[in-house]
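Understanding the architecture of this molecule
Residues per chain are reported as follows:
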Amino acid sequence: MTQDAYDLTVIGGGPGGYVAAIRAAQLGMSVACIDEHAQLGGTCLRVGCIPSKALLESSRHYDQARHGLAPHGVVVGDVRLDLTAMHQRKSQIVKKLAGGIDGLFKQATVTRLQGRGRLTAPGRVLVAGRDGERALAAKHVLIATGSRPAPLAGVALDGDRIGTSTEALAYSAVPKHLVVIGAGYIGLELGSVWSRLGAKVTVLEALDRILPGMDLDLARNAQQLFEKQGISFQLGVRVESVTVAKGKCTVRYSGAETLACSRVLVAVGRVANTEDLGLETVGISPNERGEIPVGDNFATSAPGVYAVGDCIRGPNLAHKASHEALTCIDMLAGRQAQVNYDTIPGVVYTHPEIASVGRTEQQLQEAGREYRSGVFSLQASGRARTLGETDGSVKILADAHTDRILGVHILGPHAGDMIAEATAAMEFGASAEDLAHVCHAHPTLAESLGEAALAVHRRAIHLPAAR
């Protein structure tokens, strides 16, 4: 068995792993990146963020062609769904991006190894691949193995009628009735896709609200909009079992209640991929959620072993993993770097989109923090009017004494793009007044951020009711 030595060995080729590998190579380190899949990019690229957004975009076009173009004076005849072509487009996007990472590895001289990476001792990793085993010695080891869909007690997945987001990205036909268990961003995004394509969609959620952790007002308003789109919700219910007979599913919940459907999507969160990594060989003990404990510099309890992304604390977000990876590698290289977890945005790519950064009103109230709130309705936005998409609002929360922005929450078209300005403002410690004084181009949706900032002090120009 050959043994190669590297400055850094990365286990995992997703948004945390491949970004770390490239960054380390840029800084002069010799790097190997191990991933067991043929395509790099991790869950996000292969069966997560990218394919879901491709289907969201395609299904939105289909829905617009059927229902949304007439007010614009565009008359469309018979509209037909070609689901096979939709899936092919999705797959081509994934293939192109995965190939792009391969190209970046070659350019950066990162050694790519396909197989299962496992720690055997401090600074030692064994790679089990199709061509046998290969031992690596490394000065530093970074674990970036991501996460997988969380199971639900009492519900056995069969990979067909009862599945996770992976299966829901590849249905060969539109389900007649899809039941989604879980009203988080994954369930709502994929529920939206299949609802637009013609499925009856019912969402079951154990909590009394959708989108836990996001601004409550926005979540309630979003639910009303989803209901108008045809998605139905049953909140405060607990699913106890799902059975399949003759190709039909029966969902049992909250005691004696049952619901018949054609497919079930289990979307109740994600859990860390930390099994079979040899963590015990170097004295690392994951917590009760399977996450690897790390310090502020992403170091584990084992010398020379680090971890980032979904397999450590925090929200399961691809951009969080990438940001942590960049920071971790910069720290290893002796550079100044840090992650500000208060300015990591979250986006739900439904229609309208929902985006958030910083604290919610509920979190500020629980912490006893005094704050002011400024809200601007997109009903008063000229750009939203021209788009024909006036459902939604921008909310800015600022400290009552210092005016520093504490949180921004957006419901509306392109919210995922708009949140970038708010994130940058918060990263630089901006006040609501600072943001209000930024000159925004007209007519744009971004003007709504400036108006919401003015509304914090009851000075919004285009919203008389806020004065």
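Just so it is clear, the model here is predicted, and its values are computed rather than measured.

1. Considerations on the overall build of the protein chain
Helices and strands together make up the secondary structure of the protein chain, namely 13 helices and 22 strands. Expected size for 467 residues packed as a compact globule is a radius of gyration near 23 Å; at 24 Å, the protein chain falls within 12% of this value. Dimensions of the protein chain, computed from the C-alpha atoms along their principal axes, are close to 70 × 60 × 45 Å. Of the roughly 21,200 Å² of accessible surface on the protein chain, 50% is carried by carbon and sulfur atoms. Looking at charge distribution, the protein chain has the averaged site of its 46 positive side-chain charges lying 5 Å from that of its 47 negative ones.

2. Some points on the pattern of salt bridges
For the structure shown, the criterion picks out 20 salt bridges. Between Arg148 and Glu275 there is a salt bridge; the shortest N-O distance is 3.0 Å. One end of the pair, Arg148, is in strand β7 (residues 147-149); the other, Glu275, is in the loop between β16 (270-272) and β17 (305-307), and 127 residues separate them in sequence. With relative accessibility at 31%, the residue Arg148 sits in the partly exposed group. Glu275 sits in the partly exposed class, given a relative accessible area of 42%. Note that Glu361 is salt-bridged to Lys395, the shortest N-O span being 2.6 Å.

3. A short note on helix α4 (residues 83-108)
Across its 26 residues, α4 extends 38 Å between first and last C-alpha, which sits within 8% of the 38 Å expected from 1.5 Å per residue. Inspection of α4 places Leu83, Met86, His87, Lys90, Val94, Ala98, Ile101, Phe105 and Ala108 among the buried residues, and these make up the whole buried set. In the core, the buried residues of α4 are packed alongside α1 (17-26), β2 (31-35), α2 (42-47), α3 (49-68), β3 (111-114) and α6 (185-196). One or two steps after α4, the chain reaches Thr109, where phi turns positive at roughly 60°.

4. Focus on the side chain of Ser52
Here Ser52 shows up in helix α3. Residue classification places Ser52 among the buried positions, given a relative accessible area of 7%. Polar contacts involving the side chain of Ser52 include one to the main-chain carbonyl oxygen of Gly48, which spans 2.8 Å. A polar contact is formed between the side chain of Ser52 and the side chain of Lys53, at a distance of 2.8 Å. Once you skip the residues sitting within four places of it in the chain, Ser52 turns out to touch Leu169, Glu189 and Leu190.

5. Here's the deal with the sheet that holds strand β12 (residues 239-245)
Pairing within the open sheet is antiparallel, and its three strands lie in the order β12-β13-β14. Both edges of this open sheet fall to β12 and β14 (257-261), since each of them pairs with a single strand only. With strand direction ignored, the average angle separating the axes of adjacent strands in the sheet is 20°.

6. Looking at the sheet that holds strand β22 (residues 405-412)
Strand order across the open sheet formed by five strands is β18-β19-β22-β21-β20, with antiparallel pairing between neighbours. Each end of this open sheet is capped by a strand with a single partner; those strands are β18 (346-348) and β20 (371-377). Between one strand axis and the next, the sheet turns by 10° as a mean value, whatever way the strands run. Sheet topology note: the strand β19 (residues 353-358)/β22 ladder contains six bridges and is antiparallel. Each bridged residue has a counterpart across the sheet, and for Ser356 the counterpart in β22 is His409. Strands in contact with helix α7 (residues 216-228) are β19, β21 (393-399) and β22; relative to β22, the strand with the most contacts, it is inclined by about 5°. Strands in contact with helix α13 (residues 447-455) are β20, β21 and β22; relative to β20, the strand with the most contacts, it is inclined by about 140°.

7. Some points on the pairing of strand β10 (residues 200-205)
Extensive coverage of β10 is indicated by the burial of five of its six residues. When strand β9 (residues 177-181) meets β10, the two strands line up parallel, connected through five bridges. What sits directly across from Val179, in β10, is Thr202. Chirality of the crossover, the property in question, places the unit of β9, α6 and β10 among those that are right-handed. Handedness of the crossover joining β10 and strand β11 (residues 232-235) through α7 is recorded here as right-handed.

8. Here's the deal with α13
Taken across its nine residues, α13 has eight buried, putting it largely inside the fold. Buried residues of α13: Ser448, Leu449, Gly450, Glu451, Ala452, Ala453, Leu454 and Ala455, and no others. Considering only its buried residues, α13 is in contact with β20, β21, β22, α11 (415-427) and α12 (432-436).

9. Some details on the environment of Gly146
Within the fold, Gly146 resides in the loop between β6 (132-143) and β7. Separated by 272 residues in sequence, Gly146 and Met418 have C-alpha atoms that sit 27 Å apart.

10. Describing the nonpolar core
Membership of the largest hydrophobic core comes to 54 residues, with the highest contact counts inside it found for Val31, Leu142, Ile143 and Ile292. Among the elements of the structure, β1 (3-11), α1, β2, α4, β5 (124-129), β6, β17 and α8 (318-332) are those that each provide at least two residues to this core. Among the elements that line this core, the one with the most residues is α1, at six residues. Setting aside its immediate chain neighbours within four residues, Ile143 contacts Ile11, Leu119, Leu277, Leu279, Ile292, Val305, Tyr306, Ala307, Val308 and Cys311. Counting 34 residues, the second-largest nonpolar core is a separate cluster that includes Val203, Met214, Phe233 and Leu411.

Rules behind the numbers
- Residues numbered from 1 in each chain as written.
- Predicted model: local features only at pLDDT ≥ 70, side-chain atom pairs only at ≥ 80, totals over all residues.
- Heavy atoms only, no water.
- Helix = DSSP H or I, 4+ residues; strand = E, 2+ residues; numbered from the N terminus.
- Rg over C-alpha atoms; globule rule 2.2 N^0.38 Å.
- Areas by Shrake-Rupley, 256 points an atom, 1.4 Å probe, with all protein chains shown as cover.
- Lys, Arg positive; Asp, Glu negative; His and termini not counted.
- Charge placed at Lys NZ, Arg CZ, Asp CG, Glu CD.
- Salt bridge = Lys/Arg side-chain N within 4 Å of Asp/Glu carboxyl O.
- Buried < 20%, exposed > 50% of the residue type's maximum accessible area, 1.4 Å probe, protein only.
- Expected span 1.5 Å × (residues − 1).
- Contact = heavy atoms within 4.5 Å.
- Polar contact = N/O pair within 3.5 Å; in protein donor to acceptor, adjacent residues only side chain to side chain.
- Pairing = 2+ DSSP bridges.
- Axes fitted to C-alpha atoms, helices over the stretch in contact; angles between N-to-C directions.
- Right-handed = clockwise from strand over helix to strand, strands pointing away.
- Core = buried A, V, L, I, M, F, W, Y, C linked by side-chain atoms within 4.5 Å.

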